[in-house]
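Single-letter residue listing:
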Amino acid sequence: MTTTTTPTLEKAIEDTAAHLYVWALKDIPQDLRDALGEASRRETHKVGKRILETITTNVAVADEQKNLVCQDTGLAVFYVRLGEHFPLHPARIETALREGTRRATVEHPLRSNTVHTLTREPTGDNTGHRIPNIHWEFVPDWDGMDVKCVPKGSGSENMSFLKMLTPADGIAGIKRYVLDSIVGAGGKPCPPGIVGIGIGGSADLAMHLAKEAIARPVDTVNPDPEVAKLERELFELINETGVGPMGLGGDTTVLSVHIEQAHTHITLNPVAINYQCWAARRASAHITADGGVEYDREF
Amino acid sequence: MAHHELTFPTTEEAVRELHAGDTLTIQGHIIGIRDATQIRIFDRGVEPPMSLDGAALLHTAPNVRKLDDGRYEPMCIGTTTSARMSRFTEGLIRDHGARAIIGKGGLLPEALEPLKAHGGVYLAIVGGAAALETTQIEEIEQVEWEDLMPECLWKFRVRDFGPLIVGMDTHGESLYENVQVEARRRLEQSIYSKL
């Protein structure tokens, strides 16, 4: 944990964004390291165990060489919790997060992945129209700001699924859709990772919630006991499929299942899945109203 | 499940010796290609400016730094999902003589037939393990089609590149397909009944 103070708030946020992006790519969080280590010890499948050992070696090599864990520097996604009394408008915060992303890409340098969707023309700096993707949560009676950077790799993002189930499909329908989707994804999203699931709301809200779910630390539990129960059941059932590390067979297909939910319409039962690969990169900071920055404050 | 060591470029006969589940370490040279590279070769009909004959191809778009003398220094080189590029398999093996495709997640089942017919294997690397992969690349020797950056044609000289697992062989066997069949059997026979 480090604390720094910088002259202006907007600059502090920009610096923080640049730091978080690179830090997330190089140093995966401890909860994920623990989960990967535990999976490696428990795995009984020969190929699966070998893959998990290679993953552990890779994380150690990234630490030693201060290199990126994975070459895919992702699409930059930021999650912001913003206090009502924080003295900078979200419009300026958005500008600062964008500029921080751009600077990190150019200065490190990081591979730029961002292209125009139709022309495929690269922007060269990992920013673009509506990119970085920023999730906002506003907190009453508070003057602070939490920010989390989750560079999202495309291998796992390509394995995103949405289905508008019917109310009659029920919870069993949700479970079946998740199982079929994860088995169908096979080794493509770099399992074992975190399965993020959004249920309820509207189609767009369900996927938004799935994306929030993948940003939670491994083994965090939804506060709603019904949702937490579904998280546990799906974790067990998915690992029974035997898809295994990198889709080559084994006991460990997922490290964790996270579900976020919203209320929905009487006729709706949406389920959205956003997969996060084993290299579930994530880095956080807390910014005070006077521009002080405290890194590694998880939320 | 035998372990092999092969120096690339290699021959059709050498890759026909490999079986799904075997492990492999590669010496010599590997050529990096990706979506845009193959779209240019096959969909735009542009002849690649380096030979792919006997080559091991790697599905990659590396992080690199350009040096003052025009060469590129490897920074972080890893492997992308192969399934997107499955349809190029036949052209790579039959028309260009490539012998191995290295990637993660597997090629789609439709690639098994051209691998078998024309003599090519799919080698699985551990996706995301790019920091380790980078230490096995000694030098970027040649870069073509820089306008496609980072999806250029890259020629890497490697040492002890691996561990790789033979995921799809020339005998019609695919570890990915075997795992899928077993997973679907488990769903049907025990898992769905618990929902």
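Residues numbered from 1 in each chain as written. Chains lettered and ligands numbered in written order. Predicted model: local features only at pLDDT ≥ 70, side-chain atom pairs only at ≥ 80, totals over all residues.

**Side note on the overall build of chain B**
Alright, step 1. Along its length, chain B carries 6 helices and 9 strands.
Alright, step 2. In terms of its C-alpha atoms, chain B occupies a principal-axis envelope of roughly 65 × 35 × 35 Å.
Alright, step 3. Every one of the 195 residues in chain B was classed for burial, and the buried ones make up 49%.
Alright, step 4. Pairs at least 24 residues apart make up 64% of the contacts formed inside chain B by residues separated by at least 6 positions. (Helix = DSSP H or I, 4+ residues; strand = E, 2+ residues; numbered from the N terminus. Buried ≥ 20, exposed ≤ 12 C-beta atoms within 10 Å, placed from the backbone. Contact = placed C-beta atoms within 7 Å.)

**Concerning helix H2 (residues 30-42) of chain A**
All names here are of chain A.
Alright, step 1. Across its 13 residues, H2 extends 18 Å between first and last C-alpha, which sits within 8% of the 18 Å expected from 1.5 Å per residue.
Alright, step 2. The set of residues buried in H2 consists of Leu32, Ala35, Leu36 and Ala39. Each buried residue of H2 lies within a common arc of 95° when the element is viewed along its axis, so the set occupies one face. Within H2, the exposed residues directed more than 90 degrees away from the buried face are Gln30 and Arg41.
Alright, step 3. Among the structural elements, helix H3 (46-65) and strand E7 (254-264) are those in contact with the buried residues of H2. (Expected span 1.5 Å × (residues − 1). Arc of directions from axis to C-beta.)

**A short note on the domain arrangement of chain A**
Residue and element names in this part refer to chain A.
Alright, step 1. Examined at the domain level, chain A breaks down into domain 1 (3-25 + 69-153 + 281-295) and domain 2 (155-276).
Alright, step 2. Computed over C-alpha atoms only, the centres of domain 1 and domain 2 are separated by 26 Å.
Alright, step 3. If you look at the interface, domain 1 gives 8 residues, while domain 2 gives 5 residues.
Alright, step 4. A per-class count over the side of domain 1 that touches domain 2 returns 2 nonpolar, 2 polar and 4 charged. (Domains from an automatic or database assignment. Nonpolar A, V, L, I, M, F, W, Y, C, P; charged D, E, K, R; others polar.)

**Notes on the nonpolar core**
Alright, step 1. Grouped together as the largest cluster of nonpolar side chains are 142 residues, with contacts concentrated most on A:Tyr21, A:Val69, A:Ile197, B:Ile30, B:Leu57, B:Ile102 and B:Leu123.
Alright, step 2. The element that contributes the greatest number of residues to this core is helix H1 (residues 9-26) of chain A, accounting for 10 residues.
Alright, step 3. Split by domain, this core shows at least three residues from each of two domains, domain 1 (3-25 + 69-153 + 281-295) and domain 2 (155-276) of chain A. (Core = buried A, V, L, I, M, F, W, Y, C linked by C-beta atoms within 7 Å.)

**A few points about the pairing of strand E2 (residues 23-33) of chain B**
Residues and elements named next belong to chain B.
Alright, step 1. Where strand E1 (residues 3-8) and E2 come together, 6 bridges link them in parallel fashion. Its bridge partner lying in E2, His4 is registered against Leu24.
Alright, step 2. As paired strands, E2 and strand E9 (residues 153-168) are joined by 8 bridges and run antiparallel to one another. When the bridges of E9 are listed, Gly28 appears paired with Val158. (Pairing = 2+ DSSP bridges.)

**Examining the sheet that holds E7(A)**
Residue and element names in this part refer to chain A.
Alright, step 1. Sheet architecture is open: 4 strands sit in the order E5-E8-E6-E7, paired in mixed fashion. Looking along the sheet, the strands with just one partner apiece sit at the ends: strand E5 (160-165) and E7. Each strand axis lies, on average, 15° off the axis of its neighbour in the sheet, ignoring direction.
Alright, step 2. The pairing of strand E6 (residues 193-201) with strand E8 (residues 269-276) spans 6 bridges and is classified as antiparallel. Following the sheet pairing, Ile197 is matched in E8 by Ile273.
Alright, step 3. Strand contacts of helix H6 (residues 170-185): E5, E6 and E8, with the helix running at about 30° to E8, the strand carrying the most contacts.
Alright, step 4. Along the sheet face, helix H8 (residues 225-240) touches E6 and E7 and points at about 140° away from the line of E7. (Axes fitted to C-alpha atoms, helices over the stretch in contact; angles between N-to-C directions.)

**A few points about the interface of chain A and chain B**
Alright, step 1. Across the contact, 43 residues belong to chain A and 40 residues belong to chain B.
Alright, step 2. Within the residue set of the side of chain A that touches chain B, elements represented by two or more residues are H3, H6 and H8 of chain A.
Alright, step 3. No other element matches the 10 residues that H3(A) contributes to the side of chain A that touches chain B.
Alright, step 4. For the side of chain A that touches chain B, the class distribution of residues is 21 nonpolar, 15 polar and 7 charged.

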